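Reading the structure
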Amino acid sequence: MKLIKIFSISIVLLIVTKTTAQEFKLGKVSVAELEQKVHPKDSAAPAAILYKRGRTRIEYDVSEGGFATMADVEVRIKVYKKEGYEWANQAVWYYKQANFVEKVTFSDAYTYNLVNGKVEKTKLKPEGIFDEVLNKFKAQKKITMPNVKEGSVIEYKYTIKSPSDRIIREWNFQETIPVNYSEFGTNIPEYYVFNPRQKGYVFPKMSVEKGPRSIIITTKERSNVGRFGGPVRTDFSTDKYDYTETRTTYVAQDFPAIKEESFVNNMDNYVSSVQHELAMIKYPNSQLKMYSTDWESVVKTIYDYETFGPELNKTGYYEDDLKALLARKNTPEEKIWVILNHVKSSVKWNGYTGYDCDNGVKKAYKEKTGNIGDINLMLTSMLRYAGLTANPVLLSTRENGIALFPNRTAFDYVVAAVETPQGNLLLDASNKFSTPNILPFRTINWTGRLIRKDGTSEEIELTPKKASNDFVFMIYSIDADGKISGKTKRQYTDHMAMITREKIDGVKEEDYLEKLENKSGKIEISDYSRTNEKDILLPAIETYAFTGNDLCEIIGGKIYISPMLFFTNDKNPFKQDVREYPVDFGFPQMDKFNITIQIPDGFAVETLPAPAAINMQDNAGSFKFNVAASGNSLQVIISNQINEAIFSAEKYEMLKEYYKTMIAKETEKIVLKRI
């Protein structure tokens, strides 16, 4: 996709100019830091990272008999405002599985305050440290710093010990608050090759140096002295292994806070950070072992997992059920639909993502629950069994971020694809409202990777090409006192329909209507009904009657009314002067309003908004507005069509001006005067 150019991704493999690191020490909080009232470069900041320093080392662990990873992190935070108190709560996640457990330890944690001109420090107590289970794979160690006030400085240190020698955690140089100084380093033995890659819009400076290291391993051997049964002698031997260690340091200074903006896919995609992907390992006297170097090798590695490829070949557990379901189903469309619905009804999603199986397809089918891998690999297998050309598609959810470079952790989800003469049909059986090519919104994230049986793969677009529609048909009348009564029919298609069905699923109708009434200018709704609520191949439709006393204004005997009433867009979501990130609508979409207005007896039209048509460059979108009078009624037709799912930052000014003009037109008033 062309939009990949918005990221400045650097693959750093060479030695870069050295950067001198600043000297910071835990416990050396200055009076000047405590006296500071606002951040010198961002007066609105509720807090700031004064410094954050981390280093990840891959070192030989004698007790474990192999290399392991140790990470040490020191942090100092300044709190300026009450809104910054949240930075007193910190959490560090870690893996906690039966055969893989990391350890997180906090230390040197203090809160500093200035009291009567003197520095007062309060130590974190044991009751302020606790563990929390996140899911079956991860937990987190949390701390709540004591005695935090406006002006406080917080310090803490933590270490992460991992039994793995293959994972270096991502390091963010930016936060939602300013970062005065951030330093991250790695110490990597010559046996390992990691590919470091940076993303974001601001970049740290980097330095690399190499130095000698050694491992000393002591072994002991017991033997009998003389004949069997004689005294036992213990002999100790020491072996020394020399190797070269590469020490890399990244330093960021005065990095601005990352700011939330409207219609952003995932802010983490744009945070300045560095990631490390293991490329190869070459231990002494051992064969070179290659890891993720390109997408082909990544997906082949994944396909060969016992919990992925082999699961696709299992069929015995569903064959009898599927034979009965496929009887008299002759067309591909019939087979796809019956299989998709069978998996939906047979296995419920347990809330866990993942591209490979957790329980395994056979167990998931039997127990009627599984993760995404269990469900959609099962779906793929059934589609193949039915004679369709079906393959799994690896992808990264919006929450997980965009898969920018080849690595196995770039993916966290899998769907099924069926090849048809018209192209691939994408299917996801984890969502009861999904239909062919209408995937859950969480999965619409640029591109995915389709894997075939032979291990080859290709990139495929996940962004829909077809527009999802939101059509509103409304007829209402106005009385001489400004009260409005009318009826509305709203029709949603494709992704709009899925999102609507998800929104109302499981919600009591009275609660839903109460929110709708309040959102719509405190109208009163009656005669509410839904159509095609269960028939998800058809548009989702809701109809209702409404009345409202505050939907127009009466000034000097004249009635002023916005024709779209409570559907009027009155705020531009694009307010920034400069936009750094792409605008992500998720999918092309069209809003259309067909409105009939009955004006009261004794009134005539004084002013009607003029017709308007706005077209963005390259057919990116269009807005049309037209209102016409005929006797005692007005006919209003309005449409807003967005043809591109994603707008690059370079198109932001165009999009901002488009919305500004559109909103100005939508908020224009029809003026009615007495006759």
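Let me sum up the structure you'll find in this document.

About the thresholds
- Residue positions are counted from 1 within each chain, in the order its sequence is given.
- The predicted nature of this model means local features are confined to residues of pLDDT at least 70 and side-chain atom pairs, given and counted, to a pLDDT of 80 or more, with totals for whole chains, interfaces and linings taken over all residues.
- Derived side-chain values reflect all non-hydrogen atoms in the structure, with water molecules and hydrogen atoms excluded from consideration.
- Numbering of helices and strands starts at the N terminus; helices are DSSP runs of H or I of at least 4 residues and strands are runs of E of at least 2.
- Relative accessibility thresholds used throughout: buried, under 20% of the residue-type maximum; exposed, over 50%; partly exposed, between the two (1.4 Å probe, protein chains only).
- Whether two residues are in contact is decided by their heavy atoms, any of which lying within 4.5 Å being enough.
- Throughout, the Shrake-Rupley method with a 1.4 Å probe supplies accessible areas, and for residues the shown protein chains are the sole cover considered.
- The angle between two axes is taken between their N-to-C directions and runs from 0 to 180 degrees, where each axis is a line fitted to C-alpha atoms and a helix contributes only its stretch in contact.
- Our angle categories are set so that under 35 degrees counts as roughly parallel, over 145 as roughly antiparallel, 65 to 115 as roughly perpendicular, and the remainder as oblique.
- The crossing is said to be left-handed when, going from far helix to near helix, the turn is anticlockwise and less than a right angle, and right-handed when the turn is clockwise.
- Any residue that is not Ala, Val, Leu, Ile, Met, Phe, Trp, Tyr, Cys, Pro, Asp, Glu, Lys or Arg is counted as polar, Gly included; the first ten are nonpolar and the last four charged.
- Here a strand pair is declared whenever DSSP counts at least two bridges between the two strands.
- Stacked, tilted and edge-to-face pairs are distinguished by plane angle, under 30 degrees for stacked and over 60 for edge-to-face with tilted covering the rest, among Phe, Tyr and Trp rings (Trp via its six-membered ring) whose centres lie within 6.5 Å.
- Should the NZ of a Lys or the CZ of an Arg lie within 6 Å of a ring centre and within 35 degrees of the ring normal, that charge is described as sitting over the ring.
- Think of a salt bridge as a Lys or Arg side-chain nitrogen and an Asp or Glu carboxyl oxygen that are within 4 Å of each other.
- By arc we mean the arc of the directions from the helix axis to the C-beta atoms, nothing more.
- A 3.5 Å cut-off defines polar contacts: any pair of N or O atoms within that distance qualifies, except that in protein one atom must be a possible hydrogen donor and the other a possible acceptor, and neighbouring residues in sequence count only when both atoms are side-chain atoms.

Looking only at helices and strands, the chain has 10 helices and 38 strands in total. Its C-alpha atoms give the chain principal-axis dimensions of roughly 120 × 80 × 45 Å. The buried share of the chain, taken over its 675 residues, is 49%. Partitioning the intrachain contacts of the chain with sequence separation of at least 6 by distance along the chain shows that 72% fall at a separation of at least 24. Entry remark: accessible area of the chain is about 33,400 Å², with carbon and sulfur atoms responsible for 49%.

Structurally, H342 can be placed in helix 5 (residues 332–346). Residues contacting H342, with those up to four places away along its chain left out, are D321, L322, L325, Y365 and M382.

For the rest of this paragraph, the subject is the packing of helix 5 against helix 7 (residues 372–385). Contact pair helix 5 / helix 7: the axes reach a minimum separation of 10 Å and the direction vectors enclose 150°. Viewed along their axes, helix 5 and helix 7 adopt a mutual orientation that is roughly antiparallel. Every pair of crossing elements has a handedness; the one defined by helix 5 and helix 7 is right-handed. Packed against helix 5, whose contacting residues are I336, I339, L340, H342 and V343, the element helix 7 presents I375, M378, L379, M382 and L383 at the interface. Residues that form the contact of helix 5 with helix 7 fall into these classes: 9 nonpolar, 1 polar and no charged.

Packing of helix 4 (residues 319–326) against helix 5 leaves a shortest axis separation of 10 Å and a crossing angle of 135°. On the basis of their axis angle, the class for helix 4 and helix 5 is oblique. Crossing angle aside, the handedness with which helix 4 passes helix 5 is right-handed. Contacts between helix 4 and helix 5 involve D321, L322, L325 and L326 on the former and, on the latter, K335, V338, I339 and H342. Its residues placed into classes, the contact of helix 4 with helix 5 shows 5 nonpolar, 1 polar and 2 charged.

Turning our attention to the pairing of strand 8 (residues 129–133). As defined by bridge partners, strand 8 adjoins strand 9 (residues 138–144) across 5 bridges and the pair is classed as antiparallel. Following the sheet pairing, I129 is matched in strand 9 by I143. The hairpin turn running from strand 8 into strand 9, its antiparallel successor, is 4 residues long.

Right, let's talk about the sheet that holds strand 30 (residues 558–561) for a bit. Taken together, the 4 strands give an open sheet; going across it, the order is 29-30-38-33, and neighbouring strands pair in antiparallel fashion. Of all strands in the sheet, those with a lone pairing partner are strand 29 (553–555) and strand 33 (603–607), marking the two edges. Direction aside, the axes of adjacent strands within the sheet are offset by 30° on average. In this structure, strand 33 lies alongside strand 38 (residues 670–674), joined through 4 bridges in antiparallel fashion. When the bridges of strand 38 are listed, F603 appears paired with R674.

Attention now goes to helix 8 (residues 494–504). Turning to helix 8, its buried residues number three or more, namely H495, M496, A497, M498, T500, R501 and I504. Contacts from the buried residues of helix 8 go to strand 25 (468–478), strand 26 (484–492), helix 9 (509–519), strand 27 (524–531), strand 28 (540–548) and strand 32 (589–598). Phi turns positive, to about 80°, at G506, one or two residues after helix 8.

Once that is clear, we can look at the packing of aromatic side chains. Scanning the entire structure with this criterion turns up 40 aromatic pairs. Relative to Y192, the ring of F67 lies with its centre 5.7 Å away and its plane at 80°, an arrangement referred to as edge-to-face. Placement of F67 in strand 3 (residues 66–79) and of Y192 in strand 13 (residues 192–199) is noted, with a sequence separation of 125 residues between them. Its relative accessible area of 12% is what places F67 among the buried residues. Between F137 and Y352, the ring centres sit 5.9 Å apart and the planes meet at 75°, which makes this aromatic pair edge-to-face. Here Y352 lies in the loop between strand 18 (348–349) and helix 6 (361–367) and F137 lies in the loop between strand 8 and strand 9, a separation of 215 residues in the sequence. A residue is classified by how much of its surface remains accessible, and F137, at 31% relative accessible area, is partly exposed. Given the relative accessible area of 24%, Y352 is considered partly exposed. Just above the ring of W171 sits the side chain of K52; from NZ or CZ to the centre is 4.8 Å. The ring of W93 has K138 lying over it, and the distance from NZ or CZ to the ring centre is 4.0 Å.

Evaluation of the coordinates by the stated rule reveals 34 salt bridges. Here K161 ties to D61 by a salt bridge, and the two come within 3.3 Å at their closest N and O atoms. Here D61 lies in strand 2 (residues 47–61) and K161 lies in strand 10 (residues 153–162), a separation of 100 residues in the sequence. We classify K161 as partly exposed; its relative accessible area is 38%. In this structure, D584 engages R398 in a salt bridge whose closest nitrogen and oxygen atoms are separated by 3.2 Å. On the criterion of sequence distance, the pair formed by D584 in strand 31 (residues 583–584) and R398 in the loop between strand 20 (390–395) and strand 21 (413–420) is long-range, its members being 186 residues apart. Grouping residues by exposure puts D584 and R398 together as buried. One salt-bridge network, held together by shared partners, links E209, R213, E245 and R247.

Moving on, we come to helix 2 (residues 295–303). Residue pairs three or four apart in sequence face the same way in an α-helix, which turns once every 3.6 residues. Looking at helix 2, one finds that the buried residues are W295, V298, V299, I302 and Y303. Mapping the buried residues of helix 2 onto a view down its axis gives an arc of 130°, with all of them on the same face. Looking at the buried residues of helix 2, the elements they touch are helix 3 (309–312), helix 7, strand 20, strand 23 (447–451) and strand 24 (457–461). The N-cap residue of helix 2 is D294: its side-chain oxygen and the backbone nitrogen of E296 are 3.2 Å apart.

Looking now at the side chain of D584. The class of D584 is buried, set by a relative accessible area of 7%. Of the polar contacts made by the side chain of D584, one reaches the side chain of R398; its length is 3.2 Å. Only 2.7 Å separates the side chain of D584 from the backbone nitrogen of G586, close enough to count as a polar contact. Once residues lying within four places of it in the same chain are set aside, the contact partners of D584 are F263, N265, R398, A645 and I646.

By themselves, these are just geometric observations and shouldn't be taken as functional.
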